[in-house]
Amino acid sequence: MLPLKDGDKPVVRKLLSSGCCARCVLRFCCISVQAAYRKPPQETLEELRAFIGNTENGKSQQSASDSHDAAGSEPPGEPPMKRAKLEPVEPGAAVGGDASAVVKVEEEESSVCVACLGILQELSGPTQAVKIAERVKEGEYEFDTLVLSVSLPAQLCVREHSCWLHVKKELREKSAALAKDDVIPVKEAFKWIMQGLVAKELGGVAVVIRSLFEVSVEFTHPETEADCHFLASTCASCFKPTKNKQSVFTRMAVVKALEKISDAVFLKHYAFPPPRPSSSCVPQDVKCLHTSIFIAGRYNKFCRSLPQTPWVIDGERRMESSVEELIAAPVLLSFRAAGFNFSSSGREDVDVRTLGNGRPFAMELLNPHRSKLSREEMKHLQETINKSSDKIRVRDLQIVSREAMGRMKEGEEAKTKSYTALVWTQKAIQSQDIAFIDGIKDLTLDQKTPLRVLHRRPLAVRQRVVHRMITRYLDPHHFHLELKTQAGTYIKEFVHGDFGRTKPNMSVLLKMDTDILELDVESVDVDWPPSIPE
């Protein structure tokens, strides 16, 4: 039994006679009982016909019988006819209750709904559920739950608006009201019908409201795309061309226009009932998407000819590999991800090694088909990366949350980093010539954007602090310089001065030309990600 009230009868008559399917009638009657939409459409249609035929009320049933006698309707006991169509009352015909028309019906089983364009008809059922499940199985994803999402053609909004205006008018005449938000959206009805069917086809997997795994169903209907076009002239401000959109008539733009346009203007440009389509919507490819997962760790770089990320200049690749690629290849294979985004706590130049406990890094894995690895599997993945190349080494590899990713960047410039530089001096030196450097503490530098990075960073003067320095004399023209500095300090420029763009610099301090021959990052003092015992 459908949860309908007597006050719904004018709406049911109006919509059935206008070419709406049974499920759309329930939507406009604001039926939120999900089980009502899961009934076979034909069964729901028969109940609706019985409902407007007043067969459930004795007095109304007699009125309907009188009307049938006057109109020469079928004998009692025959099943209700296929589609209700309103016609004016013949003079002298007996009419019961508040009915203003009698029901004449036609055989139009194959009609496509004018409101949902067939989505809640043959496109919502076991056949479509099988197609969706097959696509999910083909993807070979690992998941515990899934969320079903639906993308509908924008013109459905126009058709629904037309139906709503006329239902609202019908109810207003009966001193009732219908808010647009009370109408059950096509998306919701589709999900109510399909969720259980898809879950069954996938062996009972829970189809929920929120999940890391999304199965998206898209429908298009080229035949009725022009339904939206009148809105471009009546509400031009809502439709602005964009580079990434094939059409200006997006669903959001159409909804915005319908909110702005007056009822009178809409009805002037668009008919009711909406034009009957000759075909149903066309289902597009079912798309599966797993929410990104994130892994983090620390890496060492032992090679002075390896960039952190692919090095491409003027479209030409300069190095055969990179830290990012050496780590990513085994990771993508293990998680069966479609792609990745790599980030780290700072970056070293191609000719700089990263030693000590390594540099923190994180990877966002896009659309992973596998999202969970055990601790042993993560350890094995780390070993695989480390065995793949002697140029890098990874430690503390682990799965982290999106929120935890932010800790790597939090207060990045307030963190400190330690370096060792091999310094060359133009003039011969003795150990006592550089001993005073060890006593310099918290030296503030003014660093103008270095010439070597000026092509990719804005020109600015940045203040950085060198917290401490320790020198180790090697020979008359070389010494090691150990530094602990504020993150973001340009060490090379501090040593050679960058033509005076960094002040003070080592050349100024020693009163002679100096240059840097080698540089190693000894530590990046960020306490993330958590260390994992070997």
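Residues numbered from 1 in each chain as written. Predicted model: local features only at pLDDT ≥ 70, side-chain atom pairs only at ≥ 80, totals over all residues. Heavy atoms only, no water.

A. Representation of the overall build of the chain within the structure. Helix and strand counts for the chain come out as 17 helices and 19 strands. Classification of the 534 residues of the chain by burial places 48% in the buried group. Relative to all contacts within the chain whose residues are 6 or more apart in sequence, the contacts with residues 24 or more apart total 77%. Entry remark: accessible area of the chain is about 26,900 Å², with carbon and sulfur atoms responsible for 52%. (Helix = DSSP H or I, 4+ residues; strand = E, 2+ residues; numbered from the N terminus. Buried < 20%, exposed > 50% of the residue type's maximum accessible area, 1.4 Å probe, protein only. Contact = heavy atoms within 4.5 Å. Areas by Shrake-Rupley, 256 points an atom, 1.4 Å probe, with all protein chains shown as cover.)

B. Structural context of unusual backbone geometry. Omega for the bond connecting Phe272 with Pro273 falls within 30 degrees of zero, at -5°, which places this linkage in the cis form. Tracing the chain through its elements places Pro273 in the loop between helix H11 (263–269) and strand E6 (282–283). The omega torsion across Lys503 and Pro504 is -15°, close enough to zero to call that bond cis. For Pro504, the location among the structural elements is in the loop between strand E18 (502–503) and helix H17 (506–510). A positive phi is found at Phe499, a non-glycine position, where the angle reads about 55°. When its relative accessible area of 80% is taken as the criterion, Phe499 is described as exposed.

C. Expanded view of the packing of aromatic side chains. Applying the stated criterion across every chain, the model contains ten aromatic pairs. Measuring from ring centre to ring centre gives 5.0 Å for Phe239 and Phe249, while their planes differ by 50°; the resulting arrangement is tilted. Taken together, the residues Phe239 in the loop between helix H9 (230–234) and helix H10 (251–260) and Phe249 in the loop between H9 and H10 connect sequence positions ten residues apart. Put simply, the rings of Tyr141, Phe143 and Phe213 touch in pairs and so form one group of aromatic residues. (Phe/Tyr/Trp six-rings, centres within 6.5 Å; stacked < 30°, edge-to-face > 60°.)

D. Summary view of helix H8 (residues 186–201). End to end, H8 covers 22 Å across 16 residues, agreeing with the expected 22 Å (1.5 Å per residue, within 8%). At Met194, H8 shows its strongest bend, of approximately 35°. Turning to H8, its buried residues are Val186, Ala189, Phe190, Lys191, Trp192, Ile193, Met194, Gln195, Val198 and Ala199. Within two residues after H8, Gly203 carries a phi angle of roughly 80°, on the positive side. (Expected span 1.5 Å × (residues − 1). Bend = angle between axes of the 7 residues up to and from the residue.)

E. Structural view of the layout of surface pockets. Taken as a whole, the largest pocket holds about 1,100 Å³ of empty space. What lines the largest pocket is a set of 38 residues, and nearest its centre among them are Arg347, Glu348, Asp349, Arg456 and Arg457. For the lining of the largest pocket, the element with the highest residue contribution is strand E11 (residues 339–344), accounting for three residues. Counted by class, the lining of the largest pocket contains 15 nonpolar, eight polar and 15 charged residues. (1 Å grid on protein atoms, 1.4 Å probe; cavity = no way out; pocket = protein on both sides within 12 Å on 5 of 7 lines; lining within 4 Å. Points joined across faces, edges and corners; volume = space filled by probe spheres on them. Nonpolar A, V, L, I, M, F, W, Y, C, P; charged D, E, K, R; others polar.)

F. Here's a closer look at the nonpolar core. Counting residues in hydrophobic clusters, the biggest one holds 82 residues, and the most contacted among them are Ile119 and Leu120. Not counting residues up to four positions away in its chain, the partners in contact with Ile119 are Ser124, Leu152, Pro153, Leu156, Val186, Phe190, Phe219 and Cys281. (Core = buried A, V, L, I, M, F, W, Y, C linked by side-chain atoms within 4.5 Å.)

G. Geometry of a nonpolar patch on the surface. Among the surface-exposed residues, Leu451, Leu454, Leu459 and Phe499 lie close enough to one another that they form a single nonpolar patch of about 470 Å² accessible area. In this fold, Phe499 is placed in the loop between helix H16 (491–496) and E18. (Patch = residues over 30% accessible without salt bridge, like charges linked within 9 Å, V, L, I, M, F, W, Y side chains within 5 Å. Salt bridge = Lys/Arg side-chain N within 4 Å of Asp/Glu carboxyl O.)

H. View of the packing of helix H12 (residues 323–335) against helix H13 (residues 375–388). Relative to each other, H12 and H13 sit at 145°, their axes nearing to 9 Å. Between H12 and H13 lies a crossing whose hand is right-handed. Only Met378, Leu381, Thr384, Ile385 and Ser388 of H13 make contact with H12, whose side of the interface consists of Leu326, Ile327, Pro330, Val331, Ser334 and Phe335. Tallied by class, residues from the contact of H12 with H13 come to eight nonpolar, three polar and no charged. (Axes fitted to C-alpha atoms, helices over the stretch in contact; angles between N-to-C directions. Left-handed = near helix turned anticlockwise from the far one by under 90°.)

I. Here's a closer look at H10. What H10 keeps buried is the set Ala253, Val254, Ala257 and Leu258. Angular distribution of buried residues about the axis of H10 spans 135°; they occupy a single face of the element. For H10, the exposed residues lying more than 90 degrees away from the buried face are Met252, Glu259 and Lys260. Buried residues along H10 sit in contact with helix H7 (155–173), H9 and H11. (Arc of directions from axis to C-beta.)

J. Inspection of the pattern of salt bridges at higher detail. A full pass over the atoms with the stated rule returns 22 salt bridges. With a closest N to O distance of 3.0 Å, Arg452 and Asp349 form a salt bridge. Taken together, the residues Arg452 in the loop between strand E15 (441–448) and strand E16 (461–475) and Asp349 in the loop between E11 and strand E12 (353–366) connect sequence positions 103 residues apart. Given the relative accessible area of 34%, Arg452 is considered partly exposed. Put simply, Asp349, Asp351, Arg452, Lys492 and Glu493 are held in one network by salt bridges that share partners.

K. Structural context of the state of the cysteines. Tallying each qualifying case throughout the model produces zero disulfides. No disulfide involves Cys113; its sulfur sits 3.6 Å from that of Cys24, the nearest cysteine. (Disulfide = S-S within 2.5 Å.)

L. Summary view of the environment of Val33. Relative to the assigned elements, Val33 resides in the loop between helix H2 (22–28) and helix H3 (34–38). Through-space distance from the C-alpha of Val33 to that of Leu2 is 9.1 Å; in sequence the pair is 31 residues apart.

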